[in-house]
Each structure stands twice: as structure tokens, then as C-alpha cells.
Amino acid sequence: MAGSTQQTRRVILASLIGTSLEWYDFFLYTTAATLVFPQLFFPSLDPFTGTLASLTTNAVAFVARPLGGIVFGHFGDRVGRKTVLVVTLLVMGVSTFLIGVLPGYASIGVVAPILLALFRFVQGLGLGGEWGGAVIMSLEHGDGRRRGFNASWPQVGVPAGYVLATGLLTILSFTLSDAAFLSWGWRVPFLLSGVLVFVGLWVRLKVSESPLFAQVEQQGAKARMPLVEVLRTHPRALLSAFTARIGVDVAFYTFTSYIIVYITQQLDLPRSYALNAVLIGSALQLVLIPIAGAMSDRYGRRPVYLAGTVAAAVWVFAFFPLLDTRSFPLIALAAVVALITHAAMYGPQAAFIAELFSTRLRYSGASMGYQVAGIVGGALAPIIALQLFEAFQSTVAVSIYVVAALAVTAVGLAIAPETRDLDLATASADDPKASLPGQVGPFA
């Protein structure tokens, strides 16, 4: 049974705020890994190697995210969605705060980058458990005809977190001297996370548990070992979730992370060109992601998702030539259109992945499929792009890499069923073997 409209709005708001704070923390690190950490934690390395080392510590979080998805997904399917979401927010907030007080290499030597990587790992654990819970809480409350729209709101947390994190770092970097920014200015947004996390906790503690999970609990149908059951009963769903996400991640981190490296190191332009261009595109995504989610309620998850995939594959060949013009308006155009294509994929993605799994296994299944893909996609994308350009001295190689990843996403969509019209309460609330529309067999 769906929750009330008021409760649904409260759940969506709690998911949006909490997820925005989690992504704020996550993107603080990603942006600082290109702007600050090479000098602060890897000062003895040349700029290229230092940046590569810094991006490698950034990738540690992507390795941790599947583990976080497994651990928190297990408890989300066993204990409940709400409790786990409170814990993940605390884990992320504390680790981000500790990064903000971490001394640099000049103070404690090699211990500094080791602790930096450790705290980044803990951030990954928190985010790995966050996404599945926030999406599922929004999906499982409210009108079943608006699941794509409802589930898209936690996705808005990505551009919201990026705008907040990058915006604060940008303001500080331009209002402070380089010495002050490298010494203490970059730490302010990290320390601020310790305050913001209490806002998220206050909002999340006021929402009710998912009505579909409560139904499973009442029936005594909770899975004893959710991940084991997911692997046994939902193999195609896992494969679909994994492959459908890879290209989205590769494209996103090329458009938002590698762009900073390319503009500052290859084009020798001010970092503000990249940061401001991506900020404009991210601000536009705040509106476009829910629109794409709503469109998936009308036209289906896969058509909207595929349209974004094709558009991104075409646009990536215009993306770098526009950057090469060194004109800020054209650089902004490149980033804005790129993030429009990402919004078309990202809006329906949450509902698409979550609906592939039965209610009793949804937290574990959706988290696992989504987060494992992050290693192959998001973690490696900036590093591979960096290495490809270094090897071929051409952005065409980077564009081909993005298109290849998007082709994998298209395959993931092709092997998945359309889930827009699935009744979660009757078709999969307590039966992991329930078939989805247009699908035969135990691949719910």
C-alpha cells in the first residue's frame, strides 16, 4: 500500500537532502583531488604523476562502494531502509570531517596520503549504502504511476552536491590567496560537512519506514541472506543494472572530472573555465533529472534512458573540439549539452535499476548492481582518459572510450525488461521469483 501524499513528499525531501549532503561530501574530494591534493599530499611528484596519484586515491572510494552496498544493503533488507539511511549519513559526514583536519605530507610524511586514502575508503562505504536506500524509500512510497519521477529526486542529489561542493571550493579559491587556500581554505567545506550532517539526520529521523518493506516484514518474508538470494534468483537483473550503468558513469566523470584536468593541464586555461562550465550544467540538471524521470513514467524507462545514451555518444565527439576553442562560452556549451544527455540517462536510471529486483531483495540487488559498475565506470574513467590522451596525444581516443562504454549501457538496456507498469506490491513484494512484464523465468 502506498503511503500518503504528505508522507511521500516528506520521504522524497529527506532522500533529496540526505543524498545531496552525501554527494556534497563525495564531490568535495573529487574536486579537491584535481585542485589541491596533488600539491598537498604528493608534493614530491611531478604534476602529471601527482595528479594521477591523487585520482587513484579518489578511485579508492569506488572500490569501497560495492562493499558498502553489500553491507548496508543486507541490513536494509533485514532491518529496514530508514535505520540504514541514518547510519550511512553519519559514516559519510564523520569521514569527510576527518579529511578536513588531516595534516599534509609536509607535516606527517607518507602517513598523510595513507590516511587520506583510508578516509576516502570510508566515504565510499557510506555512499555505497546511501544510494540504494534513498532511491528505494522514494520508489516504495507514493503513487506507483509516478515511481520514475519520485525515484529521480535522490538522483538530483548528484548535481546538487556537485554545485554546493564545487561552488564553495571555487569561491574560496578565488577569494583567498593561493597560499591561504592550500593551507586552510580548502578545509572549510570539509569541516562544514560536520554541521550539515545534523540537518540531514533531523530530516531523515522524521520519515516513516517503507510501506512495502513493512508488508514484507509483516508476512515474515524477509530474506535471511539477501545477497546470496540476489545472486541465485536475479542474475539477469544484476547484469542489466551493471552494464546499463557503466557508460553513464564513464560519460559523467569524463564530462565533469577529466574536463578539469584537460583544461588546466593541456589547454593551460584557468581552472575557473572548467569549474564554472560544469557548475552551469549541473545547475540545469537540478531541473532536467526530475523531468527525465517523469518522462520515463509516460514513455517507459528504457526509451528515455536510451535516448540519453545515444545523444551522449554523439556529443562526445563535439565536446573536446569545443573545449579546444579556448572560448569560455563554447566550453560552457560543451559541458551544458553533455550534462543534458547525462540527465536523460540519470533521471530514469534509479527506477529502472530498483524495479528489476523484488522488494525483499531490492536494497541488496539495486545497490550491488549500481555500485559494482561504479568501479569499472566512475573510478577508472578519469584515469583511463588521462592515460589515453598521454599515449595518443589526441582526444579522439578518449571519445572512442566513452562511446564504447555507452555501447555497453545500450546492451544493458536491451537485455532488460520494461518495468514501468510493474505493480511492486503484487508482482514482487514477497516473491523473488516473480516475473517482470515481457520476461519469463526467475529473473525478477
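Before any of the text, the structure's been laid out above.
In this text the structure is predicted, and so the values were computed from the model without any measurement. (Residues numbered from 1 in each chain as written. Predicted model: local features only at pLDDT ≥ 70, side-chain atom pairs only at ≥ 80, totals over all residues. Heavy atoms only, no water.)

Chemist: Quick question: what am I supposed to make of the overall build of the protein chain here?
Modeler: Across its full length, the protein chain holds 19 helices and 0 strands. Computed over C-alpha atoms, the radius of gyration of the protein chain comes to 21 Å, within 12% of the 22 Å expected from 2.2 N^0.38 for 444 residues, which places it in the range of a compact globule. Dimensions of the protein chain, computed from C-alpha atoms along their principal axes, come out at roughly 60 × 40 × 35 Å. The long-range fraction of contacts in the protein chain, counting pairs at least 24 apart against all pairs at least 6 apart in sequence, stands at 84%. In the protein chain, the 27 positive side-chain charges and the 22 negative ones have mean positions that sit 5 Å from each other. (Helix = DSSP H or I, 4+ residues; strand = E, 2+ residues; numbered from the N terminus. Rg over C-alpha atoms; globule rule 2.2 N^0.38 Å. Contact = heavy atoms within 4.5 Å. Lys, Arg positive; Asp, Glu negative; His and termini not counted. Charge placed at Lys NZ, Arg CZ, Asp CG, Glu CD.)

Chemist: Can you help me understand the packing of aromatic side chains in this one?
Modeler: Each pair of aromatic rings is reported with the distance of its centres and the angle of its planes. Considering all chains together, one arrives at 22 aromatic pairs under this definition. Centre to centre, the rings of Phe 26 and Phe 27 are 6.2 Å apart; their planes meet at 75 degrees, and the pair counts as edge-to-face. Ring geometry for Phe 27 and Phe 252: centres 6.0 Å apart, planes at 55 degrees, overall tilted. Taken as a pair, Phe 27 in helix H1 (residues 5-35) and Phe 252 in helix H12 (residues 235-266) lie far apart in primary sequence, 225 residues in all. Of the residues examined, Phe 27 reaches a relative accessible area of 1% and is grouped as buried. Cluster of aromatic residues (ring-pair linked, three or more members): Trp 23, Phe 26, Phe 27, Tyr 162, Phe 252 and Tyr 253. The ring of Tyr 370 carries Arg 245 above its face, with NZ or CZ at 3.5 Å from the centroid. Sitting over the face of the ring of Phe 174, Arg 271 holds its NZ or CZ atom 6.0 Å from the ring centroid. (Phe/Tyr/Trp six-rings, centres within 6.5 Å; stacked < 30°, edge-to-face > 60°. Buried < 20%, exposed > 50% of the residue type's maximum accessible area, 1.4 Å probe, protein only. Lys NZ or Arg CZ within 6 Å of the ring centre and 35° of its normal.)

Chemist: Just checking my understanding: could you explain the packing of helix H14 (residues 301-324) against helix H18 (residues 395-414) for this structure?
Modeler: In helix packing, the relevant descriptors are the interaxial angle and the interaxial distance, both defined with respect to the helix axes. Remark: H14 packs on H18, axes separated minimally by 9 Å, with the N-to-C direction vectors making an angle of 175 degrees. Compared by their axis directions, H14 and H18 come out roughly antiparallel. Counted together, Arg 302, Tyr 305, Leu 306, Thr 309, Ala 312, Ala 313, Val 316, Phe 317 and Phe 320 of H14 and Thr 395, Val 398, Ser 399, Ile 400, Val 402, Val 403, Leu 406, Thr 409, Ala 410, Leu 413 and Ala 414 of H18 form the full contact between these two elements. Class assignment for the residues of the contact of H14 with H18 results in 15 nonpolar, 4 polar and 1 charged. (Axes fitted to C-alpha atoms, helices over the stretch in contact; angles between N-to-C directions. Parallel < 35°, antiparallel > 145°, perpendicular 65-115°, else oblique. Nonpolar A, V, L, I, M, F, W, Y, C, P; charged D, E, K, R; others polar.)

Chemist: Please explain the environment of Gln 155 as it appears in this structure.
Modeler: With respect to the element layout, Gln 155 can be found in helix H7 (residues 147-175). A C-alpha to C-alpha distance of 9.1 Å links Gln 155 and Ala 134, two positions 21 residues apart in sequence. Contact partners of Gln 155, with chain neighbours within four places excluded, come to Trp 131, Val 135, Ile 289, Tyr 346, Gln 349 and Ala 350. Among the polar contacts listed, one links the side chain of Gln 155 to the backbone oxygen of Tyr 346, at a separation of 3.0 Å. (Polar contact = N/O pair within 3.5 Å; in protein donor to acceptor, adjacent residues only side chain to side chain.)

Chemist: Can you help me understand the layout of surface pockets in this one?
Modeler: Summary: where empty space remains is shown by rolling a probe the size of a single water molecule over the atoms. The space that makes up the largest pocket amounts to roughly 380 Å³. Lining the largest pocket are 17 residues, with Thr 34, Leu 35, Pro 38, Gln 39 and Arg 271 sitting closest to its centre. At the level of secondary structure, the elements contributing two or more residues to the lining of the largest pocket comprise H1, helix H2 (37-41), helix H3 (47-78), helix H8 (178-185) and H12. (1 Å grid on protein atoms, 1.4 Å probe; cavity = no way out; pocket = protein on both sides within 12 Å on 5 of 7 lines; lining within 4 Å. Points joined across faces, edges and corners; volume = space filled by probe spheres on them.)

Chemist: Before we go on, may I ask you to explain the side chain of Thr 254 in this structure?
Modeler: Tracing the sequence through the fold places Thr 254 in helix H12. Contact partners of Thr 254, with chain neighbours within four places excluded, come to Ile 259, Phe 319, Phe 320, Ala 381, Val 398 and Val 402.

Chemist: Hey, could you run me through the environment of Thr 419 in this one?
Modeler: Following the sequence through the fold, Thr 419 ends up in the loop between H18 and helix H19 (424-427). Once the C-alpha coordinates of Thr 419 and Gly 109 are considered, the two residues, 310 residues apart in sequence, prove to be 52 Å apart.

Chemist: Is there a simple way to explain the pattern of salt bridges in this structure?
Modeler: Side-chain pairing between opposite charges can occur once the charged atoms of the two side chains come close. Taken as a whole and judged by the stated rule, the model has 9 salt bridges. With its nearest N and O atoms 2.6 Å apart, the salt bridge here joins Arg 360 to Glu 229. Of this pair, Arg 360 sits in the loop between helix H15 (328-354) and helix H16 (362-379) while Glu 229 is found in helix H11 (residues 226-233), placing the two residues 131 residues apart along the sequence. Considered together, Arg 360 and Glu 229 belong to a single accessibility category, that of buried residues. Through salt bridges with shared partners, one network takes in Asp 77, Arg 81, Glu 140 and Arg 362. (Salt bridge = Lys/Arg side-chain N within 4 Å of Asp/Glu carboxyl O.)

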